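Overview (structure and organization)
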Amino acid sequence: MVEQVYTASTTAPVNIAILKYWGKRDTKLNLPTNSSISVTLSQDDLRTHTTAAASSSFTEDELWLNGKRESVEGPRISACFSELRALRKALENADAALPPLSTYKLRIVSENNFPTAAGLASSAAGFAALVRAVADLYELPQDPEALSRIARQGSGSACRSLFGGYVAWEMGVEADGSDSRAVEIAPQEFWPDMKAAILVVSARKKETASTTGMQTTAKTSSLFQHRINVVVPERFKEMSKAILEKDFETLGKLTMMDSNQFHAVCLDSSPPVFYLNDVSRIVIGLIERLNSLAGRIVAAYTFDAGPNAVLYYLEKDEPVVLGLLKAIMPSVDGWQTKPAVASIAAAVPEGLDDGVFEAIKEGVSRIILTRVGPGPLKSEESLVASDGSPVA
Ligand code: PMV
């Protein structure tokens, strides 16, 4: 006889920081050296779908990712599992009628709706989905802020994916991490017209892992000290205010400056850490020129620990931004997923130098068109069958 299999399913979003997290003051708990701000992206385009299952018949904890079994041995997943089990145990201690799920092994089955090979940070959506799904399975009363403290231990930036819209990760000061958690600055509905275009730039070799890069920067860069002590605290206030005032001019300007400063402290590290490549730098030049010709911020670029460009812009400027991208790369993979933009005509603003178009076209393998979106959503679609087996 097969024992009962308890399941809960969720989807969780990707988030892209506009004020970057870079540096850990505690590597085990993933406590940052500065606060950060991000925009949560729509799950229509980028999401992780996860089912968490528990049963007395399971003999070990298991994790399945995109149809492949992965290890659960790492300290990050263990930290998430043990925190969630402890919270469930407290519920069971208070109510003897509850099934003892905290004593059962877990089976986590997870799928991304975007190619992992695209080099997009999928760990944020992955850990947010894992924590949300197990919390739902365990029927935990904890709110997203409390759950963000657990997801943070999986991957720092994952804590911000517990919320939709515009999200801050407050670094906190406590040694145990109890006050280092994500909070909502404003929900998606507050400023729904924020759009994003991701230019997937093929990397020649694997980049330095973010944890390694951060440690090198924190240990060796003197610019980094200025960044965390002076620049970020001020920028955090200005960017939060700009979001609440829907002031794209200020927000876009600071987003680009912060991306550039993050890559500057990487370069200031010893040995230096490089994430941008020639294509990234050409995109930076193009957007700077576009904004300067327009006399305002039409689009803002930002780059994480890799060469992909994320461009934020407002819906009203879509014809300008996508018109230009269409003129540069009319047939790149990705346009066909958005029939609504088919009517936008390719157009190059007067005065923009088209001498760099070829290099961008050559270097970008795919465009992902998306927008600000909600936090994790419950899903009725289970990736674990009633007999406990993963659904491929
Ligand atoms: O959470 P991690 O280890 O994936 O680090 C993320 C670091 C950046 O993406 C570069 C910045 C950020 O705030 O997301």
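Quick caveat, the model's predicted, so the values are computed rather than measured.

A closer look at the nonpolar core
Tyr312 and Leu325 are the most contacted members of the largest nonpolar core, which has 70 residues in total. At seven residues, strand β12 (residues 194-201) tops the list of elements feeding residues into this core. For Tyr312, the contacting residues outside a window of four places in its chain are Ile16, Ile18, Val39, Leu41, Met194, Lys195, Ala196, Phe248, Val298, Ala299, Ala300 and Thr302. Ala128, Leu130, Phe163 and Cys266 belong to the second largest nonpolar core, which has 45 residues in total.

Quick look at the sheet that holds strand β1 (residues 6-13)
Judged by pairing direction, the sheet is mixed, and its six strands sit side by side in the order β8-β7-β9-β6-β1-β16 without closing on themselves. Of all the strands in the sheet, just β8 (68-70) and β16 (377-379) have a single pairing partner and so form its edges. Across the sheet, the mean angle from the axis of one strand to that of its neighbour is 25°, orientation sign disregarded. Where strand β7 (residues 62-65) and strand β9 (residues 105-112) come together, four bridges link them in parallel fashion. For Trp64, the partnering residue across the bridge sits in β9 and is Val109. Packed on one face of the sheet, helix α2 (residues 123-137) meets β1, β6 (47-55), β9 and β16 and runs near 145° to β1.

Some words on the side chain of Ser280
Structurally, the position occupied by Ser280 is in helix α7 (residues 278-294). On the accessibility criterion, Ser280 (0% relative accessible area) is buried.

Points about the sheet that holds strand β10 (residues 166-170)
Overall, antiparallel pairing links the four strands, which are arranged β2-β5-β10-β11 in an open sheet. Only two strands of the sheet have a single partner each, and these edge strands are β2 (15-19) and β11 (181-186). On average, each strand axis in the sheet is tilted by 35° relative to the strand beside it, whichever way the strands run. Two strands pair when backbone bridges link them, and β10 and β11 are joined in this way by five bridges, in the antiparallel orientation. Counterpart to Val167 in the pairing with β11 is Glu184. On the sheet, helix α5 (residues 222-244) packs against β2, β5 (36-40), β10 and β11 and is oriented at approximately 115° with respect to β2.

Description of the packing of aromatic side chains
This model, assessed by the stated rule, comprises seven aromatic pairs. Here Trp22 and Phe262 contribute two aromatic rings whose centre-to-centre distance is 4.7 Å and whose plane-to-plane angle is 55°, an arrangement assigned as tilted. Residue Trp22 is located in the loop between β2 and β3 (24-26), and its partner Phe262 is located in helix α6 (residues 248-267); the two are separated by 240 residues in the primary sequence. Residue Trp22 shares its accessibility class with Phe262, and that shared class is buried. Centre to centre, the rings of Tyr166 and Trp191 are 5.7 Å apart; their planes meet at 25°, and the pair counts as stacked.

Remarks on the site of the ligand
Around the ligand, the surrounding shell holds 14 residues, and the nearest of these are Ala17, Tyr21, Ser157, Arg160 and Ser210. Interatomic distance of 3.3 Å between a side-chain N/O atom of Ser155 and an oxygen atom of the ligand. Note that an oxygen atom of the ligand is positioned 3.5 Å from one of the backbone N or O atoms of Gly156. Isolated, the ligand exposes 380 Å² of accessible area, and the fraction of that covered by the protein chains is 92%. Here the shell around the ligand spans two domains, since at least three of its residues come from each of domain 1 (6-187) and domain 2 (194-371).

A few points about the domain arrangement of the protein
Buried accessible area, meaning the area lost when the parts come together, often serves as the stated size of an interface. In terms of domains, the protein is made up of domain 1 (6-187) and domain 2 (194-371). The C-alpha centroid of domain 2 is placed 27 Å from the C-alpha centroid of domain 1. Listed per partner, the contact involves 31 residues of domain 1 and 41 residues of domain 2. It is Ile18, Lys20 and Trp22 that lose the most area in domain 1 upon contact with domain 2, and together they represent 30% of the buried surface on that side. Taken together, domain 1 and domain 2 are joined by two salt bridges. In this structure, Lys20 engages Asp304 in a salt bridge whose closest nitrogen and oxygen atoms are separated by 2.6 Å. Split into classes, the residues belonging to the side of domain 1 that touches domain 2 amount to 17 nonpolar, nine polar and five charged.

About the thresholds
- Residues numbered from 1 in each chain as written.
- Predicted model: local features only at pLDDT ≥ 70, side-chain atom pairs only at ≥ 80, totals over all residues.
- Heavy atoms only, no water.
- Core = buried A, V, L, I, M, F, W, Y, C linked by side-chain atoms within 4.5 Å.
- Buried < 20%, exposed > 50% of the residue type's maximum accessible area, 1.4 Å probe, protein only.
- Helix = DSSP H or I, 4+ residues; strand = E, 2+ residues; numbered from the N terminus.
- Contact = heavy atoms within 4.5 Å.
- Pairing = 2+ DSSP bridges.
- Axes fitted to C-alpha atoms, helices over the stretch in contact; angles between N-to-C directions.
- Phe/Tyr/Trp six-rings, centres within 6.5 Å; stacked < 30°, edge-to-face > 60°.
- Near = heavy atom within 4 Å.
- Polar contact = N/O pair within 3.5 Å; in protein donor to acceptor, adjacent residues only side chain to side chain.
- Areas by Shrake-Rupley, 256 points an atom, 1.4 Å probe, with all protein chains shown as cover.
- Domains from an automatic or database assignment.
- Buried area = accessible area lost by both parts, 1.4 Å probe.
- Salt bridge = Lys/Arg side-chain N within 4 Å of Asp/Glu carboxyl O.
- Nonpolar A, V, L, I, M, F, W, Y, C, P; charged D, E, K, R; others polar.

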